[in-house]
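# Summary of structural features
Take a look at the letters that make up each chain.
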Number of protein chains: 2
Amino acid sequence: MNKISLTYPIENSHHVACRDCALHPVCDPTPVGNIALDISETLVSKKTPVKAGEVIYQEGQPFEDLYAFTTGSAKEVWHYNQPEQQVISFKIIGELAGQNAIANGIYPYTLVALEDSSICTIRYQDLLNSAKSLPHLLTKVIQLLSVDSHHESEIRKSFAIATNAEAKVRSFLYNISSRYKNRGRNHIDIKLSMSRSEIASYLGITKETLSRSLTLLQNKGLVESSGKFIHISNFDLLSRHEESI
Amino acid sequence: MNKISLTYPIENSHHVACRDCALHPVCDPTPVGNIALDISETLVSKKTPVKAGEVIYQEGQPFEDLYAFTTGSAKEVWHYNQPEQQVISFKIIGELAGQNAIANGIYPYTLVALEDSSICTIRYQDLLNSAKSLPHLLTKVIQLLSVDSHHESEIRKSFAIATNAEAKVRSFLYNISSRYKNRGRNHIDIKLSMSRSEIASYLGITKETLSRSLTLLQNKGLVESSGKFIHISNFDLLSRHEESI
DNA sequence: CGATGGGTTGATCCGTATCAACTGAAGTGG
DNA sequence: CCACTTCAGTTGATACGGATCAACCCATCG
């Protein structure tokens, strides 16, 4: 394969525009004019840098903040201290983290930055307080959570459908690529910030099987992979879950 | 095994009390006194009967209502018309359905009653309208959705952890049992309203493997199963996901 | 009473885990 | 600046678990 095709700059490294961020509906409540600016200023602390490997919140810790990634990415893991830690989800640029803590008031998992990133933080209690004067804010939060709920069931669906390892990997790549696409970013040439072992843990397969599946997909001309860089050769074929490809 | 131990009446068949229903926070917004009663009366249409096999909503249909089961249960399926339909989730007594439609305004899956049931219906738009005068209602909705989000990621976690079929079945039974327990119902003797094939589809295994796993769990003294009736002999052991049992 | 369909049990084959060896890239120190 | 170390990732060989196909059991219903 031609390595050169993968070496041109990847967009992932740039800051996401505020309008493409998961928190945007909250940061920018359109209907209220210049009050909106105040909200955004006071409610959201913007673009704090975090280092690769840094823990943003820890499982068991009391819930306080929601986070959105404006650069970089993270993994959500269970049993962070255990030898065999389970990867629960990946958060990429523009996405929200911490929603699953609202239910019990405790972060159920640990969030760890996969690379040097920057995050916007919103204090949930402040959000609720502001909502007393701006009820419209709450419907935005509801929208955010519902998107999340749907997102989760989509993932679970594709997992249940995926009979073999290759299908799991395919749906993972499609899922990641779609998420970049939905944020208006380059979804054809992607840098995977997580390791093979982390992907494997997430998919419930071994890293060896993951590696083999990737070469299979490559031989079928669906993707070209070179280390952390993945080129999606055929986006539409990736989504099809028929066995016969 | 002693069949008699499984034949005494199962509580599942009784109506759930309003206070144990997922919609309860919405039906009964405590802080507003006698206005609350009006809300509950006008917003929620109560305990409509549905027959086994009846479709409550269909995938692709525009989102209008949230549903809560006061008796009975349902399955959420994808590709309802296809020969191989995929089971996405099960809804049991007291639980909410339809939340995952808020995001896109369309029901992503089809909801089918597994047995004769009765449901409370709430028109989402009416709920939002009422919220203009009672913003507190919206925080309740947020709470509902967050519980759902957490619930989903819990399930996905246990699936990723479950290396073999037996562990999947074990975590499924633990999950169902816990849900009855959380609603203050009998979680030791359970009637599974869904078929083996439906459970298998949900778990992503075959019905044969499911059957074998059940007998394994039975031999280990964790459960006693007789057709649709399951007796949880050791609730705590069921939750442990260590291989060595 | 025989038919039907859900559920269980059995035998075989294939896919993935496991264990092991190897490769290559990145980082370290002389 | 280059050997040495180290670790992520890939490739190979074997063993085991689950899918598949098939037969059988049993409850329900006409």
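Residues numbered from 1 in each chain as written. Chains lettered and ligands numbered in written order. Predicted model: local features only at pLDDT ≥ 70, side-chain atom pairs only at ≥ 80, totals over all residues. Heavy atoms only, no water.

### A few points about the pairing of strand β8 (residues 117-123) of chain A
All names here are of chain A. Taking burial as the measure, the 7 residues of β8 include 6 buried ones, the bulk of the element. As paired elements, strand β1 (residues 44-50) and β8 share 5 bridges and run antiparallel to each other. Looking across to β8, one finds that Val50 is bridged to Ser117. (Buried < 20%, exposed > 50% of the residue type's maximum accessible area, 1.4 Å probe, protein only. Helix = DSSP H or I, 4+ residues; strand = E, 2+ residues; numbered from the N terminus. Pairing = 2+ DSSP bridges.)

### Some points on the domain arrangement of chain A
Residues and elements named next belong to chain A. For chain A, the assigned domains are domain 1 (18-155) and domain 2 (161-244). Summarising the inter-unit geometry, the C-alpha centres of domain 1 and domain 2 are found 25 Å apart. In this complex, domain 1 contributes 20 residues to the contact, which on the side of domain 2 involves 13 residues. Interface area, domain 1 with domain 2, both sides summed: about 1500 Å², of which 55% is carbon and sulfur. When the buried area of domain 1 at its contact with domain 2 is split by residue, Phe90, Ile92 and Ile93 rank highest and sum to 39% of it. Here Arg179 ties to Glu95 by a salt bridge, and the two come within 2.8 Å at their closest N and O atoms. Seen at the junction of domain 1 and domain 2, the total is 7 residue pairs in polar contact (both at pLDDT 80 or more). When residues of the side of domain 1 that touches domain 2 are traced back to their parent elements, those giving at least two are β5 (86-91) and α4 (136-161). The element that contributes the greatest number of residues to the side of domain 1 that touches domain 2 is β5, accounting for 6 residues. (Domains from an automatic or database assignment. Contact = heavy atoms within 4.5 Å. Buried area = accessible area lost by both parts, 1.4 Å probe. Salt bridge = Lys/Arg side-chain N within 4 Å of Asp/Glu carboxyl O. Polar contact = N/O pair within 3.5 Å; in protein donor to acceptor, adjacent residues only side chain to side chain.)

### Notes on the protein's contact with DNA strand D
Every one of the 15 residues lining DNA strand D counts as a neighbour, but A:Arg196, B:Asn164, B:Ala165, B:Thr206 and B:Thr209 are closest to it. Within 4 Å of the protein, the contacting atoms of DNA strand D are 68% sugar and phosphate, with bases supplying the remainder. Here the element with the most residues in the surface near DNA strand D is helix α7 (residues 207-219) of chain A; it accounts for 4 residues. Residues belonging to the surface near DNA strand D are distributed by class as follows: 2 nonpolar, 7 polar and 6 charged. (Near = heavy atom within 4 Å. Nonpolar A, V, L, I, M, F, W, Y, C, P; charged D, E, K, R; others polar.)

### Thoughts on the packing of aromatic side chains
Evaluation of the coordinates by the stated rule reveals 18 aromatic pairs over all chains. Ring plane angle 35° and centroid distance 5.0 Å describe the contact between A:Tyr174 and A:Phe235, whose orientation is recorded as tilted. With A:Tyr174 in helix α5 (residues 165-182) and A:Phe235 in helix α8 (residues 235-239), this pair connects stretches of sequence that are 61 residues apart. Every member of this aromatic cluster is reached through a ring pair, and the members are A:Tyr57, A:Phe63, A:Tyr67, A:Tyr107 and A:Tyr124. When the ring centre of B:Trp78 is taken as reference, the NZ or CZ atom of A:Lys157 above it lies at 4.0 Å. (Phe/Tyr/Trp six-rings, centres within 6.5 Å; stacked < 30°, edge-to-face > 60°. Lys NZ or Arg CZ within 6 Å of the ring centre and 35° of its normal.)

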